Amino acid sequence: MSAVYARRRITNIVALVLSGCATLLGLIFLVWILWITLENGISAITPTLFTKITAYADQGGLSNAIVGSLIMDLMALMICAPIGVLAGTYLAEYASSTRLGASIRFLNDILLSAPSIVLGLFVYVIVVLPMSNLTNGAISFSGFAGSVALALIGLPVIVRTTDEMLQLVPGTLREAALSLGIPQWKLTMQVLMRAAFSGILTGVLLALARLAGETAPLLFTAFGNNFMTAHPLDKMASMPVTIYQYTNDPNPALHAIAWAGALLITLFVLALSLLTRIMFSRKKVSYE
Amino acid sequence: MIDETTRGNALSMQATSAEPLARDTEHRSRADARHDFIFRILLRTCALLVLAALLGAALSTLWGGRDVLFKDGFKFLFSADWNPVEDQYGALAPIAGTLVTSLIALVLAVPVSFGVALFLTEIAPNWMRGPVATAIELLAGIPSIIYGMWGLFVFVPFMAGIEPWLNDTLGNIPVIGALFHGPPLGLGLLTAGIVLAVMILPFISSVMREVFQTVPARLKESSYALGSTTWEVVWDIVLPYTRSAVIGGIFLGLGRALGETMAVTFVLGNSYNITSSLLMPGTSISSSIANEFNEAVGLHRSALIALGFLLFVVTFIVLLIARLMLRQLARKEGR
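Residues numbered from 1 in each chain as written. Chains lettered and ligands numbered in written order. Predicted model: local features only at pLDDT ≥ 70, side-chain atom pairs only at ≥ 80, totals over all residues.

1. Digging into the overall build of chain B
- Each helix and strand in chain B was counted, giving 14 helices and zero strands.
- The helix and strand sequence of chain B, counted from the amino end, reads α-α-α-α-α-α-α-α-α-α-α-α-α-α.
- In terms of overall dimensions, chain B has a C-alpha envelope of 100 × 70 × 35 Å along the principal axes.
- Considering chain B as a whole, with its 335 residues, one finds that 45% of them fall into the buried category.
- Long-range contacts, defined as pairs at least 24 residues apart, comprise 75% of the intrachain contacts of chain B with a sequence gap of at least 6. (Helix = DSSP H or I, 4+ residues; strand = E, 2+ residues; numbered from the N terminus. Buried ≥ 20, exposed ≤ 12 C-beta atoms within 10 Å, placed from the backbone. Contact = placed C-beta atoms within 7 Å.)

Printed below as a string of structure tokens:
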């Protein structure tokens, strides 16, 4: 066996072993992070977590944060789902080969990975500041502003999935419907939307999974609140922001509550993204 | 309008002659055209909102930061003096922190991502590929606040344990040794960089894995037939074929790393000193904003929003490059 041959084989073996190690390293970090969250979270989950508000600090729970998060996530979805679905429909059905469509699709992909903290600042400048000026400071940070910021996180996910899913609908379906004399808006709403419904729903669920874990855009929009509120113009507590505040606190009893919240939010987000994967594994969905 | 339609329908039901029927049909097709037009405008408005969001984010942060930008101009970028007490704001320390941590993240994440992609496309048995790929992508699904907590409570103590060892080994190498001198705090630029690396690993590896799969089997098989090893096929055939998309994937990861807030805020240590050591605490654009915004007023707040503008512009450019590079491969495929 010549030296060159041996060297090539050794290089190959070393490279393959290293790549196996790299994969193992990635999995170790995944298991490590999930294990730590599970270990610290489970021991801290108690009934008071769901019944008491954060005003009681280490004697309290997270009920107002849970309610606040649910309200803001749902409001965010109510804002971004219709806009995102319609925008995605425009890209797929009306602008699939125009220059405008191509540039919107391109910029939507950029919005998809834009820094979420800047989107928070954006909403602070266009929603929180004007509201505060109009009402002389009576209304400033609000759950509504928080939902707008979260909607900006979810929007590009929905636009992209809707666009991709509608493009998967066979062209013959469009031709068949059009040949019956149906106007295009009816074709879109009653035929194509129905054909792509499960895919579009996947997009909405993915957007929910994405925005439910976001902290940075809520810091200066919804702010936080130690009391229970459902009024969209009040400052509103949320799970991620409360976890952030409790983690920054020196009190270890608050850390425990933060871990419990972290576990709840991780389970929710991972369950959602696994669910969408399993339900629609046959269809191609982009996750980044 | 509704009246007319119902009257038209009623007419067409009554009439047996062709004339009202024709009028009705014409009426309907005119209404259809009108509805189509309105529908199209509605859809286009929604699509344009995506553009408005990006443009709005840039303009509003520029507007919010105007006070400090007018006052200091370019000095804002190059001054290292960040002192809210004296109302002095220089962004050099956060900029440096953002760049250094993102760079560390790339240096660590790119080879590991490449390894993962190589393993999942060429080495792993078929039954293993799907589950392992899903597991790696789950890393991207974990909320960044969880990375922050894990970083602060678990990874920082872990790093504090191995930093004395880093001091003794890497710290003695000439030139780069200075990077690894410092007290074993656990907090700092290196720790933040490693946490970021774990966060961007799934993004880079999933792009690499996807584009590696687009390489025509013909090319790889020809190379195998000439006696290449797996490594040689990947290094000499797969990688050159997918080069632009791989670089695009790396830039996508960089864009993520630059803008990441929650994971780094806890582990950076929030210090505005610029040091030569990676083991020292630092700050970054996003963590400065997250830490100080709610206590800031006046010029301080303006400076933080201006930082946000800066971050947005830089990530926008990086992501633009990423998408352009990714598109090149799609073109080659004829998609």
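Here the narrative resumes, following the displayed structure.
2. So, the UniProt feature "transmembrane region" (unreviewed entry) in chain A
- Feature annotation in UniProt assigns "transmembrane region" (unreviewed entry) to the following positions: residues 12–35, 74–94, 106–127, 139–159, 191–212 and 256–275 of chain A.
- Split by type, residues 139–159 of chain A is 81% helix and 0% strand. Its first and last C-alpha atoms lie 32 Å apart. (UniProt positions renumbered as here; feature names shortened; annotations may be inferred.)

3. Observations regarding the environment of Ile104 of chain A
- For Ile104 of chain A, the location among the structural elements is in helix α4 (residues 99–112).
- For the pair Ile104 of chain A and Val241 of chain A, spaced 137 residues apart in sequence, the C-alpha to C-alpha distance is 32 Å.
- Among all residues touching Ile104 of chain A, those that are not within four sequence positions of it are Leu91 of chain A together with Ala47, Val50 and Leu51 of chain B.

4. Regarding the domain arrangement of chain A
Residue and element names in this part refer to chain A.
- By domain assignment, chain A separates into domain 1 (1–44) and domain 2 (47–279).
- Averaged C-alpha coordinates put domain 1 and domain 2 at centres separated by 35 Å.
- If you look at the interface, domain 1 gives six residues, while domain 2 gives seven residues.
- Partitioned by chemical class, the residues of the side of domain 1 that touches domain 2 number three nonpolar, three polar and no charged. (Domains from an automatic or database assignment. Nonpolar A, V, L, I, M, F, W, Y, C, P; charged D, E, K, R; others polar.)

5. Quick notes on the domain arrangement of chain B
Residue and element names in this part refer to chain B.
- When the domains of chain B are assigned, the result is domain 1 (2–64) and domain 2 (74–333).
- Computed from C-alpha coordinates alone, the two centres of domain 1 and domain 2 are separated by 48 Å.
- Taken together, the contact pairs five residues of domain 1 with five residues of domain 2.

6. Structural notes on the interface of chain A and chain B
- Across the boundary between the two partners, chain A contributes 71 residues, which contact 74 residues of chain B.
- Looking at the side of chain A that touches chain B, the element that brings in the most residues is helix α1 (residues 3–44) of chain A, giving 19 residues.
- Partitioning the side of chain A that touches chain B into residue classes produces 49 nonpolar, 17 polar and five charged.

7. Here we look at helix α9 (residues 197–212) of chain A
- Across its 16 residues, α9 of chain A extends 22 Å between first and last C-alpha, which sits within 8% of the 22 Å expected from 1.5 Å per residue.
- Here α9 of chain A lies mainly inside the structure; twelve of its 16 residues are buried.
- Among the residues making up α9 of chain A, those that are buried are Ile200, Thr202, Gly203, Val204, Leu205, Leu206, Ala207, Leu208, Ala209, Arg210, Leu211 and Ala212 of chain A.
- Where α9 of chain A is buried, its residues touch α3 (63–94), α6 (143–168) and α12 (252–279) of chain A together with α6 (126–141) of chain B. (Expected span 1.5 Å × (residues − 1).)

8. Thoughts on the packing of helix α5 (residues 92–123) of chain B against helix α8 (residues 189–212) of chain B
All names here are of chain B.
- Relative orientation of the contacting elements α5 and α8 amounts to 40 degrees, with a least axis distance of 6 Å. In terms of axis orientation, α5 runs oblique to α8. The two elements α5 and α8 meet at a crossing, and its hand is right-handed.
- Tallied by class, the residues present in the contact of α5 with α8 amount to 22 nonpolar, seven polar and one charged. (Axes fitted to C-alpha atoms, helices over the stretch in contact; angles between N-to-C directions. Parallel < 35°, antiparallel > 145°, perpendicular 65-115°, else oblique. Left-handed = near helix turned anticlockwise from the far one by under 90°.)

9. Here's the deal with the nonpolar core
All names here are of chain B.
- Of all hydrophobic cores here, the largest spans 186 residues; its most connected members are Val195, Leu196 and Ile200.
- Residue contributions to this core peak at 17 residues, all from α8.
- Discounting residues that sit within four places of it in the chain, Ile200 has contacts with Ala105, Ala109, Gly253, Arg256 and Ala257. (Core = buried A, V, L, I, M, F, W, Y, C linked by C-beta atoms within 7 Å.)

10. Quick word on the UniProt feature "domain: ABC transmembrane type-1" (unreviewed entry) in chain A
- Residues annotated by UniProt as "domain: ABC transmembrane type-1" (unreviewed entry) correspond here to residues 66–276 of chain A.
- Helix makes up 78% of residues 66–276 of chain A and strand 0%, whereas the separation of the span's terminal C-alpha atoms amounts to 23 Å.

11. Structural notes on helix α11 (residues 239–248) of chain A
- Taking burial as the measure, the ten residues of α11 of chain A include eight buried ones, the bulk of the element.
- Among the residues of α11 of chain A, those classed as buried are Met239, Pro240, Val241, Thr242, Ile243, Tyr244, Tyr246 and Thr247 of chain A.

12. Looking at unusual backbone geometry
- The phi dihedral of Ala57 of chain A is positive, around 50 degrees, even though this residue is not glycine.
- Examined against the element boundaries, Ala57 of chain A turns out to sit in the loop between α2 (48–51) and α3.
- Looking at Ala57 of chain A, the number of C-beta atoms within 10 Å reads 13, which means it is partly exposed.
- Backbone geometry at Asp87 of chain B places phi at a positive 60 degrees, although glycine is not the residue there.
- Structurally, the position occupied by Asp87 of chain B is in the loop between α4 (75–78) and α5.
- A count of 12 C-beta atoms within 10 Å places Asp87 of chain B in the exposed class.

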